[in-house]
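In case you want the letters, here they are:
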Amino acid sequence: MTEPVEARPIDATATYDLRHRVLRPDAPMEDVQFDGDELATTHHMGAFRGDALIAIATVYREARPDSDGDDEWRLRGMAAEPAARGTGAGRAALDAIEAHARAEGGRLLWCNARTPAIGFYERAGWIVLGEEFEIPSAGPHYVMEKPLS
């Protein structure tokens, strides 16, 4: 029987390897160390199977560029080991991030979602905003959001 997936807080440095390998394998390691990673309000979540970290997500207070909401939170650096996709690991990390933002008074989560991940987010209740755009270091994306209230 496969061990269950457990989501629990991690520190920023625990996200770097998976961010690098999955999100930006051709970039220098410094590119996966995001502004805001070390803020007191930033929360990093890992999904584990046993002791193996298999998915990650980070959230911090940041209004969308077209908004001035101080109760908006940005999801960033969401990644799962390729072998762990479809196993609930990413969803466990995402659900934990959503719960954290909600508990901190967040009314909205938003992210720049990679185009191939749109279905994952939609199944979790997120909606697409606007048109596809390109992030030069990371490929095609859409802005997505999820109301928390």
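For the structure itself, consult the block above.
Parameters and conventions
- Residues numbered from 1 in each chain as written.
- Predicted model: local features only at pLDDT ≥ 70, side-chain atom pairs only at ≥ 80, totals over all residues.
- Heavy atoms only, no water.
- Salt bridge = Lys/Arg side-chain N within 4 Å of Asp/Glu carboxyl O.
- Helix = DSSP H or I, 4+ residues; strand = E, 2+ residues; numbered from the N terminus.
- Phe/Tyr/Trp six-rings, centres within 6.5 Å; stacked < 30°, edge-to-face > 60°.
- Buried < 20%, exposed > 50% of the residue type's maximum accessible area, 1.4 Å probe, protein only.
- Lys NZ or Arg CZ within 6 Å of the ring centre and 35° of its normal.
- Contact = heavy atoms within 4.5 Å.
- Core = buried A, V, L, I, M, F, W, Y, C linked by side-chain atoms within 4.5 Å.
- Pairing = 2+ DSSP bridges.

Caption draft 1: Molecular detail of the pattern of salt bridges. Inspection of every chain in the model, using the stated rule, returns 11 salt bridges. With a closest N to O distance of 3.1 Å, R107 and D71 form a salt bridge. Here R107, found in the loop between α2 (89-103) and β5 (108-114), pairs with D71, found in the loop between β3 (52-61) and β4 (72-80); they are 36 residues apart in sequence, far enough to count as distant. Within the structure, one salt-bridge network assembled from shared partners comprises D17, R21 and E81.

Caption draft 2: How the structure looks around the packing of aromatic side chains. Under the definition given, this model contains two aromatic pairs. Seen from their ring centres, F120 and Y121 are 5.1 Å apart, and the 75° between their planes marks the pair as edge-to-face. Judged by its relative accessible area of 5%, Y121 is buried. Members of the aromatic cluster, connected to one another through ring pairs, are F120, Y121 and W126. In this arrangement the basic side chain of R8 is found over the ring face of F48, its NZ or CZ atom lying 3.7 Å from the centre. Over the ring of F34 we find R76; its NZ or CZ atom is 3.9 Å from the centre of that ring.

Caption draft 3: View of the side chain of H141. Tracing the backbone through its elements, the reader meets H141 in strand β7 (residues 139-147). Excluding its chain neighbours within four sequence positions, the residues that come into contact with H141 are N112, A113, R114, T115, E131, E132, F133 and I135.

Caption draft 4: Quick look at the nonpolar core. Formed by 27 residues in total, the largest nonpolar core has its most connected members in L75, Y121 and W126. When contributions to this core are tallied by element, the ones reaching two or more residues are β2 (43-49), β3, β4, α2, β5 and α3 (118-123). When residues in this core are grouped by element, the largest group, seven residues, is from α2. Leaving out residues up to four positions away in the same chain, L75 has contacts with A57, T58, V59, L94, I97, W110, C111, Y121 and W126.

Caption draft 5: Region of the structure containing the pairing of β3. Counting buried positions over the 10 residues of β3 gives seven, a clear majority of the element. Here β2 runs beside β3; their pairing, made up of seven bridges, is antiparallel. Paired with G46 across the strands is I56, a residue of β3. The turn linking β2 back onto β3 is made up of two residues, and G50 within it adopts a positive phi angle of 65°. Across six bridges, the pairing between β3 and β4 is antiparallel. Each residue of the ladder has a partner; that of T58, found in β4, is R76.

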